[in-house]
Structures are given as structure tokens and as C-alpha cells.
Amino acid sequence: MKKRIGIIRALLYYRYGNFFINFFKYLGINYLISPETNKELIDLGVKNSSSEVCLPLKIACGHLLYLKDKVDYLFIPKIIYPYEKLYTCPKMMGLPTIAWYFCGKKKIISPTIKRNFFLPLFFLGLKFKKNPFKIISAYLKAKEKKENKKLSFDNEKLKVAILSHFYNIYNKEIEDILIGTFKKEGFSVYLKDDLDEKILRKKDGFAKNIRWAFERELYNAFKYYSDKVDGICFFFSFACGPDSLIGEMMAKEAKEKKIPFLTIIFDEHSGKEGMITRIEAFCEMIKKKKSL
Ligand code: SF4
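**Considerations on unusual backbone geometry**
Item 1. Not every positive phi belongs to a glycine, and Leu 11 is a case in point at roughly 45 degrees.
Item 2. Accessibility expressed as a relative area gives 7% for Leu 11, which makes it buried.

As C-alpha cells, then:
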């Protein structure tokens, strides 16, 4: 029977998931993706993880455990530098080792990626297919170019930028709470991932000192939006070291520039109502400031 690879719908899935799925698809490899994060998966991850780690990592563990007995292999790439020599977070890099613990080393397929995605995926492809040209072709076809939204700021009365990692925000429930509440309050919402790579990867000013790829992106998005929107909301997970450092920097700069800045820290115990109330109060404050 054809072997099946499991892909967890967590963490870097929200950045590279389509690319990896297309690669497997074009190569004719059978795969299974875990479902959208739900309460059951969160509980499974929380129950089986250390209380010290961030919620996104606990959720990733829930997805791992969900797929564990449904597939022959689990695909957990170890992305050290996604681009330049900028690191991902150590907890992301440690996920393949956590997966060994849960599922056994033999089950985990974990190519190590340091900027170059091609070679690790090429060797992975060779495990399943003999024809190297087919692997190269699958890789090239999978590399689709992301189209960025055209952003306009001039005609919008109320504007807010929500800054957060892709895996925090692209979840139906969180989207409804965060984006939904701002929209209900009449705000146009701008996200970090709406911005072009060129903006997110800038290395001028303080950004050049940030050695974590996704934190540099958050900071660059903050800089870009800070003179274009009426307020900035930073949404991050409790126990996230990199975000708490960058969050402090952004909050300090926002204070100096008098930009309304709301920090929401969440974990598995965060209540929906509490978050909505804080967002509504923040919106009210911006409206008063603008005399609307
Ligand atoms: S960056 Fe923060 S939220 Fe993301 S995996 Fe690392 S510690 Fe967790």
C-alpha cells in the first residue's frame, strides 16, 4: 500500500504549508493534513506538553498526536534559517525532537533547512521517487509566488494594524475575535502578512539587530504601519520569549510616537469575552482621540 505522510496544520504550516503540500502532490506522494485547530486538539496538546511552553507549540503537539497513528510518516521540517542567516524560534527548531519523543525517530521525516529549501527536499523526494527530474519539476511547480494585497489607507476612516505571527492569527476562532471585533467597530484591518517581503525583510535601523526572521518581520511591519494607522494591536502567546522582547520595543516606540498600542497576551486559559472587551475599549479610546 502507498505510504502516507502526515502534515501538521500548525506553526510553519501557515507560512510554508501550501508549498510543501504542492510538492508532495506534484510528486504523487500520499499525504494527510491534520484538521483546523479545535478544542480537542488544543486539549490534547496541553495535556501532553510542559506547562512552560507557548500555546502554539502545545497546539503543534496536539496535531502531532492526532496524526501519529493515522500516517506512516510525519513531516516536521527543521527550518533553522528560512532566509538570510535569520533564525526561526528555538522552540520551532526543537519540534522534530519533540516529535521523536511522541512518535519514535523512524516515523519522523525532518529535512534540515538552512535558507536552501531545494536540496533537503530533493533528498527527501528521492526516498519516495526514483526519478530526479520528477522531483525537480515538482519543486519548481510547488514554488508559486504569493500575490500581496494592494493596500490603501487614504479612504479609510479608522485603521488598525494587527501584528502577530501567522500561526496565531490564521485560526477561525481567533480571526473572529480579533479581526471580527475590530471590523464590527468600523475599523479597516491591516495584517503583517499583507505586506510585501521587501518591507518585511528590511534591515535598516533597529531591525538589523534582530536575528530572528519572524520577529524582524513583526518589527518592520510595526515601523511600516506606525504612521499609517490609528492604532496597533500586538497579539502574542504567553511564554513566547522572542515576542515579549520585540513587544517591549514596539510598545516603547509606540509610546514615544503617541500611537495607541494594545498588547493582548493569550494562552489556553484566555477567555473570548475578556479579549473582546479589551479590543472594544481600545477602539473606543481611538474614536475619542479622533473625536468620532
Ligand atoms: S516564536 Fe514564540 S509563539 Fe512562536 S514558537 Fe517560538 S516561543 Fe512559541
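**Section: the domain arrangement of the chain**
Item 1. In terms of domains, the chain is made up of domain 1 (4-142) and domain 2 (159-289).
Item 2. Between domain 1 and domain 2, the C-alpha centre-to-centre distance is 27 Å.
Item 3. Each partner contributes to the interface: domain 1 provides 24 residues, whereas domain 2 provides 23 residues.
Item 4. Linking domain 1 with domain 2 are 4 salt bridges.
Item 5. Close ionic contact of Arg 216 with Glu 84 constitutes a salt bridge, the shortest N to O distance being 3.7 Å.
Item 6. The tally of links between domain 1 and domain 2 comes to 8 residue pairs in polar contact (both at pLDDT 80 or more).

**Quick notes on the sheet that holds strand β10 (residues 261-266)**
Item 1. Pairing in this open sheet of 4 strands is parallel, and the strands run β8-β7-β9-β10 from one edge to the other. Lying at the two open borders of the sheet, with one neighbouring strand each, are β8 (188-191) and β10. Between one strand axis and the next, the sheet turns through 25 degrees on average, direction left out of account.
Item 2. When strand β9 (residues 231-237) meets β10, the two strands line up parallel, connected through 6 bridges. Within the sheet, the bridge partner assigned to Phe 236 lies in β10 and is Ile 265.
Item 3. Helix-sheet contacts for helix α11 (residues 241-256) involve β7 (159-163), β9 and β10, and the interaxial angle to β9 is about 165 degrees.
Item 4. Here helix α12 (residues 272-289) sits on the sheet in contact with β7, β9 and β10, set at roughly 175 degrees to β10.

**Some points on the pairing of β8**
Two faces, one strand: in a regular strand the side chains alternate between the faces of the sheet.
Item 1. Here β8 shows two buried faces, one formed by Ser 188 and Tyr 190 and the other by Val 189 and Leu 191.
Item 2. Across 4 bridges, the pairing between β7 and β8 is parallel. Within the sheet, the bridge partner assigned to Ala 161 lies in β8 and is Tyr 190.

Cut-offs and rules
Residues numbered from 1 in each chain as written. Predicted model: local features only at pLDDT ≥ 70, side-chain atom pairs only at ≥ 80, totals over all residues. Heavy atoms only, no water. Buried < 20%, exposed > 50% of the residue type's maximum accessible area, 1.4 Å probe, protein only. Domains from an automatic or database assignment. Contact = heavy atoms within 4.5 Å. Salt bridge = Lys/Arg side-chain N within 4 Å of Asp/Glu carboxyl O. Polar contact = N/O pair within 3.5 Å; in protein donor to acceptor, adjacent residues only side chain to side chain. Pairing = 2+ DSSP bridges. Helix = DSSP H or I, 4+ residues; strand = E, 2+ residues; numbered from the N terminus. Axes fitted to C-alpha atoms, helices over the stretch in contact; angles between N-to-C directions.

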